[in-house]
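Letter by letter, the chains look like this.
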Amino acid sequence: MWLFVFFDLPVSSKKERKLATRFRKELIKDGFNMMQWSVYTRHCASRESADVHEKRVRSFVPDKGQITILRITDKQYGGMINIWGAQIQASEETPQQLELF
């Protein structure tokens, strides 16, 4: 399962820029990777893991701005197409998962 965090935060004042930077740093600290400037992704091994990370993101959301969290499956993520200029590139390989019984 993958978690996507999309956000649009105000950056008009020095305080707002500081809060937006703090939010991005907290995402990175929680294992998210920047896909685009305001789009971060994180792989989660289970729904329970996704629940934990979603709860963490909710805990450091700034007072102003818009945050959207989206969950998608590995299969849906694998079907993503990235286009840079005129070149189409496949998305990164899905991380290998270790399954314990």
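Residues numbered from 1 in each chain as written. Predicted model: local features only at pLDDT ≥ 70, side-chain atom pairs only at ≥ 80, totals over all residues. Heavy atoms only, no water.

## A look at the side chain of Asp30
Defined as follows: Here a strand is any run of E in DSSP of at least two residues, a helix any run of H or I of at least four, and the numbering for each starts at the N terminus. Exposure classes here rest on a 1.4 Å probe applied to the protein chains alone. A residue is buried below 20% of its type maximum, exposed above 50%, and partly exposed in between. Any pair of nitrogen or oxygen atoms within 3.5 Å is treated as a polar contact; in protein, a donor-acceptor pairing is required on top of that, and neighbouring residues in sequence qualify only through side-chain atoms on both sides. Contacts are assigned to residue pairs that have any heavy atoms within 4.5 Å of one another.
Tracing the chain through its elements places Asp30 in the loop between α1 (14-29) and β2 (33-36). Accessibility expressed as a relative area gives 8% for Asp30, which makes it buried. Of note is the side chain of Asp30, whose polar atom sits 2.7 Å from the side chain of Arg56. Apart from the residues lying within four places of it in its own chain, the contact partners of Asp30 are Arg42, His53 and Arg56.

## Quick word on the UniProt feature "binding site: Mg(2+)" (unreviewed entry) in the chain
The test is simple: UniProt positions are given in the numbering used here, feature names are shortened, and annotations may be inferred rather than shown by experiment.
The feature "binding site: Mg(2+)" (unreviewed entry), as given by UniProt, occupies Asp8 in the numbering adopted here. Secondary-structure assignment places Asp8 in strand β1 (residues 2-8).

## Focus: the packing of aromatic side chains
The condition is simple: Note on aromatic contacts: the rings of Phe and Tyr and the six-membered ring of Trp form a pair at centre separations within 6.5 Å, being stacked when their planes are under 30 degrees apart, edge-to-face when over 60 apart, and tilted otherwise.
What the rule picks out here adds up to six aromatic pairs. Seen in terms of ring centroids, Trp2 and Tyr77 are 3.8 Å apart; in terms of plane orientation they differ by 5°. Their pairing is stacked. Placement of the pair is Trp2 in strand β1 and Tyr77 in helix α3 (residues 74-78), with a sequence separation of 75 residues.

## Concerning the environment of Glu26
With respect to the secondary-structure elements, Glu26 resides in helix α1. Between the C-alpha atoms of Glu26 and Val61, which are 35 residues apart in sequence, the distance is 9.5 Å.

## A short note on the pairing of strand β3 (residues 39-43)
Counted only if it meets this: In this analysis, strands are considered paired if DSSP registers two or more bridges between them.
Taken across its five residues, β3 has five buried, putting it largely inside the fold. Across the two faces of β3 the burial is the same, with Val39, Thr41 and His43 and Tyr40 and Arg42 all buried. When β1 meets β3, the two strands line up antiparallel, connected through five bridges. Bridge pairing in β3 links Val5 to Tyr40. Two successive antiparallel strands, β2 and β3, enclose a turn made up of two residues.

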